[in-house]
Amino acid sequence: MKEKNTSKTSRFGFRLEKVGVHTSRTIMLEDLQHLLSYINNPDATKSDYIKAIVEDNCLGKRSGKSRKLAASHLVYLYSLDSSILVFRSLHYFWNRDFEGQPILALLCAYGRDALLRMSASFIIKFEKGTIVSRASLEKYIEERCPGRFSRATLISAAQNLNSTWTKSGHLMGKARKMRIMAKATPGSVSYALFLGYLNGIRGQSLFTSEYAALLDCSPSEAMVLAEDASRRGWIVMKRIGDVVEVQFPKILTAQEMGWTNDQD
């Protein structure tokens, strides 16, 4: 996350503090899928989601404590608040692109979890077919946060991060993780472009942002998928030669549009 944007991006729902849930949890993809299926309403409130988790036990947790913890972690990763733009836009693409849900979840969590952001440059650099060991990820985290985590917490964080990148489709395997290429889709590309847009990025640069890098596809491939999303009416993309313009009129409110203009 670029420091120059930090004063403004928090109002969109990005979390910039150096903490996160990955010391004890993954991106909780299956829980998010169950929750958004249980409450299939884009206008649902944060309290609606928490009630569904804690009181209705829609996620099938074994105890009241585990329900509350699940709610807390999901709120941290995704906000579960339709007034928060990163979640409302996630929900918009979520219901339109089922195949893209793993990367959609990753993209949202990336903008809100510092450990996940830190691990991205480590995971993405590996070529297809390369083994990604937990020990190498532990070393990477320790080098960037020397002395911050106990040995047990470091192991847990590396395990959870490897699991997250497996759920998103960037790794495969159980004990032995191998780098594979995740599958970008029209919805996940659109969401990556949107998150970049909220960080003040415009034009062709949207296709080479830190969010676009999580898609595991080239800028030209991403453009093809974005054009597909534009034909479906999800976004508006115009391309004339090397000039590219991407807009999101169905997602942004007038006030939010003003905020994004401040980012230019």
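An account of the accompanying structure is given in this report. (Residues numbered from 1 in each chain as written. Predicted model: local features only at pLDDT ≥ 70, side-chain atom pairs only at ≥ 80, totals over all residues. Heavy atoms only, no water.)

**Examining the overall build of the protein chain**
Right, so step 1: Of regular secondary structure, the protein chain possesses twelve helices and five strands.
Right, so step 2: Rg of the C-alpha trace for the protein chain: 18 Å, near the compact-globule value of 18 Å for 264 residues, within the 12% margin.
Right, so step 3: Along the first, second and third principal axes, the C-alpha set of the protein chain runs to 55 × 45 × 35 Å.
Right, so step 4: Scored against the burial criterion, the 264 residues of the protein chain give a buried share of 50%. (Helix = DSSP H or I, 4+ residues; strand = E, 2+ residues; numbered from the N terminus. Rg over C-alpha atoms; globule rule 2.2 N^0.38 Å. Buried < 20%, exposed > 50% of the residue type's maximum accessible area, 1.4 Å probe, protein only.)

**A short note on the packing of helix H10 (residues 186–198) against helix H11 (residues 219–231)**
Right, so step 1: Close contact between H10 and H11 brings their axes to 8 Å; oriented N to C, the two are set at 100 degrees. As far as their axial angle goes, H11 and H10 are roughly perpendicular. Here Pro186, Val189, Ser190 and Leu193 of H10 come into contact with H11, specifically with Ala222, Leu225, Ala226, Asp228 and Ala229.
Right, so step 2: Per-class residue counts for the contact of H10 with H11 are seven nonpolar, one polar and one charged. (Axes fitted to C-alpha atoms, helices over the stretch in contact; angles between N-to-C directions. Parallel < 35°, antiparallel > 145°, perpendicular 65-115°, else oblique. Contact = heavy atoms within 4.5 Å. Nonpolar A, V, L, I, M, F, W, Y, C, P; charged D, E, K, R; others polar.)

**Things to note about the pairing of strand E4 (residues 236–240)**
Right, so step 1: Summarising the sheet, E4 and strand E5 (residues 243–247) pair through five bridges and their orientation is antiparallel. The partner of Met237 across the bridge, within E5, is Val246.
Right, so step 2: The loop that links E4 with its antiparallel partner E5 comprises two residues; one of these, Gly241, has a positive phi angle of about 65 degrees. (Pairing = 2+ DSSP bridges.)

**Quick word on unusual backbone geometry**
Note on backbone geometry: most residues besides glycine have negative phi, and most peptide bonds are trans.
Right, so step 1: Positive phi values are uncommon outside glycine, yet Ser79 reaches one of about 80 degrees.
Right, so step 2: Within the element layout of this structure, Ser79 appears in the loop between helix H4 (64–78) and helix H5 (85–94).
Right, so step 3: Taking relative accessible area as the criterion, Ser79 reaches 5% and is therefore assigned buried.
Right, so step 4: Look at Leu80: it is not a glycine, yet its phi comes out positive at around 55 degrees.
Right, so step 5: Take Leu80: it is sitting in the loop between H4 and H5.

**Considering the packing of helix H7 (residues 114–124) against helix H8 (residues 134–144)**
Right, so step 1: Relative to each other, H7 and H8 sit at 120 degrees, their axes nearing to 11 Å. One finds that H7 runs oblique with respect to H8. For the pair H7 and H8, the sense of crossing is right-handed. Contact with H7, carried on its side by Leu115, Met118, Ser119, Ser121 and Phe122, involves Ser136, Leu137, Tyr140, Ile141 and Arg144 of H8 and no other residues of that element.
Right, so step 2: Its residues assigned to classes, the contact of H7 with H8 comprises six nonpolar, three polar and one charged. (Left-handed = near helix turned anticlockwise from the far one by under 90°.)

**A short note on the side chain of Ser168**
Right, so step 1: You can see Ser168 is positioned in the loop between helix H9 (151–167) and strand E2 (171–172).
Right, so step 2: Polar contacts involving the side chain of Ser168 include one to the main-chain carbonyl oxygen of Trp165, which spans 3.0 Å.
Right, so step 3: The residues touching Ser168, leaving out its near neighbours within four places in the chain, are Pro102, Ile103, Leu106 and Ala182. (Polar contact = N/O pair within 3.5 Å; in protein donor to acceptor, adjacent residues only side chain to side chain.)

**Focus: the environment of Thr166**
Right, so step 1: Mapped onto the secondary structure, Thr166 falls in helix H9.
Right, so step 2: Residues Thr166 and Ala109 lie 57 residues apart in sequence; the distance between their C-alpha atoms is 14 Å.
Right, so step 3: Non-local contacts of Thr166, meaning those with residues more than four positions away in its chain, are made with Leu171, Met172, Gly173 and Lys177.

**Considering the state of the cysteines**
Right, so step 1: One pass over the full model with this rule turns up zero disulfides.
Right, so step 2: In this structure Cys58 is not part of a disulfide, and its nearest cysteine sulfur, from Cys108, lies 17 Å away.
Right, so step 3: Of the residues examined, Cys58 reaches a relative accessible area of 17% and is grouped as buried. (Disulfide = S-S within 2.5 Å.)

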